[in-house]
Amino acid sequence: MNARLPHLLLSLSCCLAGPPLAQAETGFEIADASREAYSRIHPDLPKAKSDEVFRGRSLFRQSWVIPPAKDIEIAGLGPLYNQISCLSCHPKNGRGQPPESPQQAMRSMLIRLSLPGEDEHGGPLPHPVYGGQLNEQGIPGVPGEGRVSVDYREETIKLADGESVKLRKPVYAFVDPQYGKLPADILYSPRVGPSVFGLGLLEAIDEQTIRRLAEDGKRQGLQGHPNLVWDAERQRSIIGRFGLKANVASLKQQIAGAFIGDMGITSSLHRQENCGAAQTACKQAPSARQPELSDAQLDAVLLYLRLLQVPARRNSDESNVSQGEKLFTEIGCGTCHTPTLITGDFPELPILSKQTIHPYTDLLVHDMGEGLADGRPDFQAGGKEWRTPPLWGIGLVERINEHSYFLHDGRARNLAEAVLWHGGEALPSKQRFADLPAGKRQSLIRFLESL
């Protein structure tokens with residue numbers, strides 16, 4: 001039986017019954033299950049900040065243009081880039097998706113690149129020409145760097161009750177590299193654009209809490225650990241919490257990195273255009289200004305993302321949902337997907353301080369096994385390690401983003417497949433899930449859909 005069938009039936013029953021009921025709003029949680037649920041701004045923002053936060057929302061949704069342009073505020077796209085707006089990779093502030101065939105271009109996904117070794121701060125060593133990310137697009141006169149095709153190979157696994165599930169494994173190939181053949185030892189990592197709501201709350205979790213979660217996990221036999229990364233603003237190493245390997249120090253640096261890496265837009269944190277050593281046309285292309293993203297614009301986008309609310313739980317009073325929640329804990333999922341945390345003091349934006357939140361993450365990186373390995377170390381995160389992704393709002397992905405692709409590269413076509421790809425430290429929990437009778441597996445999935 002195809003694992004997607006019960007998922008579809010459950011989704012269909014939800015649609016027929018109307019929008020699922022949400023719990024009451026508390027703090028940053030909002031009782032909204034509509035297609036705008038990932039885009040709600042906290043209503044209690046300081047009045048003096050209202051213009052700035054809406055400017056940030058506008059910039060996040062803006063399609064940037066190639067310089068020179070009449071409107072200098074939105075000029076700076078390229079010379080090399082992947083997409084023209086933040087929303088291109090984070091549609092409706094939610095998840096992107098991978099190509100579905102080798103012929104299809106990257107839609108809301110990108111490929112990180114590096115060579116074996118480390119940079120001066122212990123991070124990935126960028127390729128001298130292609131840099132740290134393959135940019136498929138170029139402005140007129142500047143060739144894009146090439147593209148990556150994605151194909152899938154399916155394998156069938158048998159669950160304990162005899163049900164068969166097909167898992168698809170992506171196979172990548174570099175096509176038409178425009179600046180020389182990539183070396184055989186190139187390291188690459190596919191990344192689907194993740195959801196961007198609730199990031200301010202994750203930033204407000206203090207380091208002491210993250211270290212405590214690592215110690216708690218060790219007492220239960222886990223090896224999850226914080227990823228210490230280079231903070232370019234503070235000029236020291238701190239615990240990373242953003243990026244799919246917890247490889248970025250702060251939300252501000254995550255945003256600035258996306259502007260230069262994904263759209264080729266410079267900022268005070270990335271003053272140089274994203275051109276490699278042998279990319280002559282790229283180097284000679286005009287810039288809008290320097291930097292192309294002003295500090296005021298960067299701060300506005302930062303404020304907007306910090307103030308995005310998170311969807312509240314839905315249908316938690318249903319018996320199968322509560323049974324699934326109990327199973328989630330019993331088979332060990334909640335050890336890494338920590339349900340409840342309290343944010344620390346956050347003087348930059350006090351409204352984020354001392355919030356009780358339900359992100360279902362420990363912000364640690366864990367060994368997820370060979371099946372999910374990208375083989376590309378990123379600071380202290382190894383080639384098989386990934387940050388525990390937050391699960392809040394995951395049950396609304398299909399409604400809001402109109403797909404159900406999960407995991408870092410979108411290989412899983414539904415939540416059951418995502419669970420069955422878990423390995424490494426999560427292998428015992430995955431096996432317990434596979435050993436459950438079908439009804440209990442569906443209850444656990446139903447619980448995830450309530451988040």
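This text follows the structure it describes.
Residues numbered from 1 in each chain as written. Predicted model: local features only at pLDDT ≥ 70, side-chain atom pairs only at ≥ 80, totals over all residues. Heavy atoms only, no water.

Engineer: Residues and numbers for the overall build of the chain, please.
Structural biologist: Along its length, the chain carries 14 helices and 15 strands. Relative to the globule expectation of 22 Å for 451 residues, the C-alpha radius of gyration of the chain, 22 Å, shows essentially globular dimensions. Residues counted as buried form 56% of the 451 residues belonging to the chain. As displayed, the chain has an accessible area near 18900 Å², and 52% of this comes from carbon and sulfur atoms. Across the chain, 49 positive and 53 negative side-chain charges occur, with their mean positions spaced 2 Å apart. (Helix = DSSP H or I, 4+ residues; strand = E, 2+ residues; numbered from the N terminus. Rg over C-alpha atoms; globule rule 2.2 N^0.38 Å. Buried < 20%, exposed > 50% of the residue type's maximum accessible area, 1.4 Å probe, protein only. Areas by Shrake-Rupley, 256 points an atom, 1.4 Å probe, with all protein chains shown as cover. Lys, Arg positive; Asp, Glu negative; His and termini not counted. Charge placed at Lys NZ, Arg CZ, Asp CG, Glu CD.)

Engineer: So what's going on with the nonpolar core? Residues and values would help.
Structural biologist: Grouped together as the largest cluster of nonpolar side chains are 110 residues, with contacts concentrated most on Trp-64, Phe-259, Leu-305, Leu-307, Phe-433 and Leu-448. Here this core takes seven residues from helix H8 (residues 295–306), the largest share from any one element. Setting aside its immediate chain neighbours within four residues, Leu-305 contacts Phe-60, Val-196, Leu-199, Gly-200, Leu-251 and Ile-255. (Core = buried A, V, L, I, M, F, W, Y, C linked by side-chain atoms within 4.5 Å. Contact = heavy atoms within 4.5 Å.)

Engineer: Describe the pattern of salt bridges, listing the residues and the values that go with them.
Structural biologist: Two side chains carrying opposite charge are able to pair once their charged atoms lie near each other. Scanning all chains against the criterion turns up 29 salt bridges. For Arg-313, the salt bridge goes to Glu-325, with nearest N and O atoms at 3.5 Å. Of this pair, Arg-313 sits in the loop between strand S11 (310–311) and helix H9 (319–330) while Glu-325 sits in helix H9, and the two are 12 residues apart along the sequence. On the basis of relative accessibility, which here comes to 13%, the residue Arg-313 falls in the buried class. The shortest N-O distance in the salt bridge between Glu-370 and Lys-384 comes to 3.7 Å. Of this pair, Glu-370 sits in the loop between strand S14 (365–367) and strand S15 (385–387) while Lys-384 sits in the loop between S14 and S15, and the two are 14 residues apart along the sequence. Its relative accessible area of 60% is what places Glu-370 among the exposed residues. Here the salt bridges do not stand alone but share partners, grouping Glu-154, Arg-413 and Glu-417 into one network. (Salt bridge = Lys/Arg side-chain N within 4 Å of Asp/Glu carboxyl O.)

Engineer: Can you lay out the sheet that holds strand S4 (residues 124–125) for me, pointing to particular residues and giving the numbers?
Structural biologist: The three strands lie next to each other as S4-S3-S8, forming an open sheet whose pairing is antiparallel. At either margin of the open sheet sits one strand with a lone partner, and together these are S4 and strand S8 (187–192). As defined by bridge partners, strand S3 (residues 109–118) adjoins S8 across six bridges and the pair is classed as antiparallel. Within the sheet, the bridge partner assigned to Arg-112 lies in S8 and is Ser-189. (Pairing = 2+ DSSP bridges.)

Engineer: Explain the packing of H9 against helix H14 (residues 438–449) residue by residue, including any values.
Structural biologist: Look at H9 against H14: their axes get within 7 Å of each other, and the N-to-C directions meet at 95 degrees. It follows that H9 is roughly perpendicular to H14 by the angle criterion. Contacts between H9 and H14 pair Asn-320, Val-321, Gln-323, Gly-324, Glu-325, Leu-327 and Phe-328 from the former with Lys-440, Ser-443, Leu-444, Arg-446, Phe-447 and Leu-448 from the latter. In terms of residue class, the contact of H9 with H14 is built from six nonpolar, four polar and three charged. (Axes fitted to C-alpha atoms, helices over the stretch in contact; angles between N-to-C directions. Parallel < 35°, antiparallel > 145°, perpendicular 65-115°, else oblique. Nonpolar A, V, L, I, M, F, W, Y, C, P; charged D, E, K, R; others polar.)

Engineer: Describe helix H13 (residues 427–435), listing the residues and the values that go with them.
Structural biologist: The set of residues buried in H13 consists of Ser-429, Lys-430, Phe-433 and Ala-434. Buried positions in H13, seen along its axis, are confined to an arc of 140 degrees and lie on one side of it. (Arc of directions from axis to C-beta.)

Engineer: Give me the lowdown on unusual backbone geometry, citing residues and values where you can.
Structural biologist: Keep in mind that most residues, glycine aside, have a negative phi and that most peptide bonds are trans. With an omega of -5 degrees, the peptide bond between Pro-67 and Pro-68 qualifies as cis. Relative to the helices and strands, Pro-68 resides in the loop between helix H2 (50–61) and strand S2 (80–81). With omega at -5 degrees, the peptide bond leading from Gln-290 into Pro-291 counts as cis. Checked against the element boundaries, Pro-291 lands in the loop between helix H7 (280–284) and H8. Phi at Glu-402 is positive, roughly 60 degrees, even though this residue is not glycine. Within the secondary structure layout, Glu-402 lies in the loop between helix H11 (397–401) and helix H12 (415–420). With a relative accessible area of 61%, Glu-402 lands in the exposed category. Even without glycine at this site, Leu-407 takes up a positive phi of about 75 degrees. Within the secondary structure, Leu-407 is located in the loop between H11 and H12.

Engineer: Outline H2, listing residues and values.
Structural biologist: With 12 residues, H2 ought to run about 16 Å at 1.5 Å a step, and its terminal C-alpha atoms sit 17 Å apart, in line with that. Residues of H2 that are buried in the fold lie against helix H3 (86–89) and H8. (Expected span 1.5 Å × (residues − 1).)

Engineer: Could you give an account of the environment of Leu-182, with specific residues and numbers?
Structural biologist: The residue Leu-182 is located in the loop between strand S7 (164–175) and S8 in this model. Along the backbone, Leu-182 and Leu-113 are 69 residues apart, and their C-alpha atoms lie at a distance of 10.0 Å. With residues near it in sequence (within four places) discarded, Leu-182 still touches His-127, Tyr-130 and Phe-174.

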